[in-house]
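# An overview of the molecular structure
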Amino acid sequence: MVIDHHQDRTVAEEPVERRPMLHFAERSVVGLLVVIALGLGFGLLLVLVRANWGPLERLDHGVANSLNRLVAPHPGFVGALEFVARLGGRPIMLWLVTIAVVALLIRKRIRLAVYLVVAGTGALLLDPSLKALVARVRPVVADPVAHAPGNSFPSGHALGSMIVYGALLLVFLPAVSARRRKWFVTVMAVIVLAIGLTRISLGVHYASDVLAGWLLGAAWLGVTAYAFRVWRRETGRPETSLEDGLEPEASADVRPGIPGERLLPHPWAGAMEIIVGWVLIFGVLYAFGWTVTNHLPGWLQNFDDGVPRWLQGFRTPTWDDVSYAWSKAGDTHAILIVSLVFCPIALAVWRHWRMVLYVVLAMFGELTLFLCTAAAVGRPRPPVEHLDGKLPTSSFPSGHIAATMCLYAAIAVLLVPRLRAYWWRWIFVVLAVVMPLGVAVSRMYRGMHHPTDMLGAAMLTAGWLTVLYFSIRPNAGVRDAD
């Protein structure tokens, strides 16, 4: 009797080969059903809201009034709710998507970058168009604690946060180890949930507005994720589960830094060096500030007060506007924006967390040194008209000048050695000189600081950046430029 072993092996292997295909088909059907259910849920809410269905109206108004009575008497709680709500605001959403897209393009993950752009564009288009279509008025409560423009349904914060944080989760999930993915998913879910609840608590949305935003956002995520999987399949990529992210093979490229990198060469010793350095710099600044405030020689005092007086003679409406713009380049918002752009891009290009730590500690240390020194010294502003009005801090040292010096000098310290092959690396050196100088002149022109306040800012910058440089070693492994 002859046995056809080849036929037996083919029959035995057939179920095994079909198994991944069956699993993919099952996942696709389940995913499609979930997306349909989410879309139907949103559609049902839309119909009920448009029809002014009584039970839903009573529920929405009851929740809004109850939360208003709970929240309104506590200003601190209102401030915390507003802070959480900002995480779902358009500026934060745009920053997250833009930085992520730029980082992915730097890492040459074009498909993931396109996915984020498409998902984010959907959030931008769906929110205003549906609000205009439904035209639901925002809640009216007894004691308003917050205000928002436009219509109410659906919640733009709930919709945008579900789409943006969900899309970022799918893109960057492969960078997270398997045992930590549940925590990563949980954190993202809590952020989205908290943003939606704050909008209800602040009285700017009904509960059904937020629920509709979540449902529509999840449905859009499902549609875009499915389209992305079809795109992968058409380009010959293997089928994967969303539990592993959109592109599991991109784990190395979506991981922000180098695994296992130590932020400090010697953590305990480095931390102590930073703390001791901060204390010593504060002591030097206090001693110098107290001296120039109380024991400055007459001729030097005349010079210190004379420079703002001399600059006052050049004031015109045009120069007032120019000085205002230069001065704004050194305020908290401008410094924060530059930092939030530079740090992610530097991390995407060079993959070193130490660069980010150097900038973050530079700015945090500058802020704390400035506030503590200004409070301890208490130097009056120059005896001229103050174009910026009365400020809560004293004159010494200049916070605007110190922040500008620390930020642009730190960027130059990090980039010049890394860009030694390019002539345009010197642009960052020029910025490290021109930006603080422009801010310094504008602050003295506006009557807010003396020249010695600028000197104090320079002392703060030089001392603090030096301490951080030798404690963190942000350029370790990078050859010094010629």
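For every chain, the first residue of the written sequence is number 1, and numbering continues from 1 onward in sequence order. Note on the predicted model: pLDDT of at least 70 is required for a residue's local features to be given, and 80 or more for side-chain atom pairs to be given and counted; whole-chain, interface and lining totals, by contrast, use all residues. Calculation of side-chain values draws on the structure's entire complement of heavy atoms; hydrogens and water are dropped beforehand.

### Thoughts on unusual backbone geometry
A negative phi angle characterises most non-glycine residues, just as the trans form characterises most peptide bonds. To be explicit about the condition: The helix count covers DSSP runs of H or I at least four residues long, the strand count covers runs of E at least two residues long, and both are numbered beginning at the N terminus.
In this structure, Pro154 follows Phe153 across a cis peptide bond, with omega equal to -10°. Mapped onto the elements, Pro154 comes out in the loop between helix H5 (110-134) and helix H6 (156-172). Residues Phe396 and Pro397 are joined by a peptide bond in cis, for which omega reads -15°. Among the secondary structure elements, Pro397 is positioned in the loop between helix H14 (353-377) and helix H15 (399-418). A positive phi angle, near 65°, is found at Arg351, a position not held by glycine. In this structure, Arg351 sits in the loop between helix H13 (332-350) and H14.

### Notes on the environment of Tyr324
We apply this condition: Throughout, exposure labels follow a simple rule: accessible area from a 1.4 Å probe, protein chains only, divided by the maximum for the residue type, with under 20% read as buried, over 50% as exposed, and the rest as partly exposed.
Among the secondary structure elements, Tyr324 is positioned in helix H12 (residues 317-328). Classification of Tyr324 as partly exposed rests on a relative accessible area of 44%. With 57 residues separating them along the chain, Tyr324 and Arg381 place their C-alpha atoms 17 Å apart.

### A closer look at the packing of aromatic side chains
Definition in use: Pairing of aromatic rings covers Phe, Tyr and the six-membered ring of Trp, with a centre-to-centre limit of 6.5 Å; geometry is then stacked below 30 degrees between planes, edge-to-face above 60, and tilted otherwise.
Across all of its chains, the model carries eight aromatic pairs by this definition. Between the aromatic rings of Phe282 and Tyr286, the centroid separation amounts to 6.4 Å while the plane-to-plane angle is 25°, which identifies the pairing as stacked. Linking Phe282 with Tyr286, this pair stays in helix H10 (residues 267-294), spanning four residues, or about one helical turn. On the basis of relative accessibility, which here comes to 24%, the residue Phe282 falls in the partly exposed class.

### Concerning the packing of H15 against helix H17 (residues 451-472)
Helix packing geometry: the angle between the two helix axes and the distance between the axes. Defined as follows: Helix axes use the C-alpha atoms of the stretch in contact, all axes being lines fitted to C-alpha atoms, and the angles between their N-to-C directions lie in the range 0 to 180 degrees. For any pair of crossing helices, the crossing counts as left-handed if the nearer helix is rotated counterclockwise from the farther one by less than a right angle, and right-handed if it is rotated clockwise. We call two residues contacting when some pair of their heavy atoms lies within 4.5 Å. Residue polarity follows a fixed list, in which Ala, Val, Leu, Ile, Met, Phe, Trp, Tyr, Cys and Pro are nonpolar, Asp, Glu, Lys and Arg are charged, and the others, Gly among them, are polar.
At a closest axis distance of 9 Å, the pairing of H15 and H17 adopts a crossing angle of 35°. As for the relative orientation of H15 and H17, their crossing is right-handed in sense. Where H15 abuts H17, its residues Ile401, Ala402, Met405, Cys406, Ala409, Ala410 and Val413 lie against Met454, Ala457, Ala458, Leu460, Thr461, Leu465 and Tyr469. Its residues placed into classes, the contact of H15 with H17 shows 13 nonpolar, one polar and no charged.

### Considerations on the nonpolar core
Spelled out, the test is: By nonpolar core we mean a set of buried residues, namely Ala, Val, Leu, Ile, Met, Phe, Trp, Tyr and Cys, connected to one another through side-chain atoms within 4.5 Å.
With 50 residues, the main nonpolar core has Phe42, Leu112, Tyr115, Leu116, Phe153 and Leu246 as its most contacted residues. Of all the secondary-structure elements, those providing two or more residues to this core are helix H1 (5-50), helix H4 (90-106), H5, H6, helix H7 (181-201) and helix H8 (207-234). By size, the runner-up hydrophobic cluster in this structure holds 41 residues, among which are Leu264, Leu347, Met435 and Leu460.

### Notes on the state of the cysteines
Stated precisely, the cut-off is as follows: By definition, disulfides here are pairs of cysteine sulfur atoms that lie within 2.5 Å.
On inspection of all chains with the given rule, the structure shows zero disulfides. Lacking any disulfide linkage, Cys343 is separated from the closest cysteine sulfur, that of Cys406, by 13 Å. For the unlinked cysteine Cys372, the closest cysteine sulfur is that of Cys406, found at 14 Å. Overall, Cys372 belongs to the partly exposed group, its relative accessible area being 34%.

### What to know about the side chain of Arg109
Put simply, the rule reads: Polar contact criterion, stated in full: a pair of N or O atoms within 3.5 Å, where within protein one must be able to donate a hydrogen and the other to accept it, and residues adjacent in sequence count only if both atoms are side-chain atoms.
Following the sequence through the fold, Arg109 ends up in the loop between H4 and H5. Separated by 2.9 Å, the side chains of Arg109 and Asp253 make a polar contact.

### A look at helix H16 (residues 426-445)
The criterion, for reference: Expected span of a helix, by definition, is 1.5 Å for each gap between consecutive residues, and there is one gap fewer than residues.
Over its 20 residues, H16 runs 28 Å from end to end, which matches the ideal 28 Å to within 8%, given 1.5 Å per residue. The secondary structure elements touched by the buried residues of H16 are helix H11 (298-312), H12, H15 and H17. Gly447, located one to two residues past H16, shows a positive phi value of around 75°.

### Thoughts on the side chain of Glu57
Along the chain, Glu57 falls in helix H2 (residues 54-71). By relative accessible area, which is 19% here, Glu57 ends up buried. Contact partners of Glu57, with chain neighbours within four places excluded, come to Asn52 and Arg136.

### Looking at the pattern of salt bridges
Stated formally: We define a salt bridge as a side-chain nitrogen of Lys or Arg found within 4 Å of a carboxyl oxygen belonging to Asp or Glu.
Tallied over the full model, the rule gives 12 salt bridges. When the shortest N-O distance is used, the salt bridge between Arg109 and Glu247 registers 3.7 Å. Taken together, the residues span a long stretch of sequence, with Arg109 in the loop between H4 and H5 and Glu247 in the loop between H8 and helix H9 (251-254) at a distance of 138 residues. Pair check on accessibility: Arg109 and Glu247 agree, each one buried. Across the pair Asp253 and Arg109 runs a salt bridge whose closest N-O atoms are separated by 2.9 Å. In this pair, Asp253 sits in helix H9 while Arg109 sits in the loop between H4 and H5, placing the two residues 144 residues apart along the sequence. Classification of Arg109 as buried rests on a relative accessible area of 17%. Each of Arg109, Arg111, Glu247, Asp253 and Arg351 takes part in salt bridges that share partners, so that together they form one network.

### Structural notes on H6
Its 17 residues place the ends of H6 24 Å apart at the C-alpha level, agreeing with the 24 Å of an ideal helix rising 1.5 Å per residue. The buried count for H6 comes to 15 of 17 residues, which makes it a mostly enclosed element.

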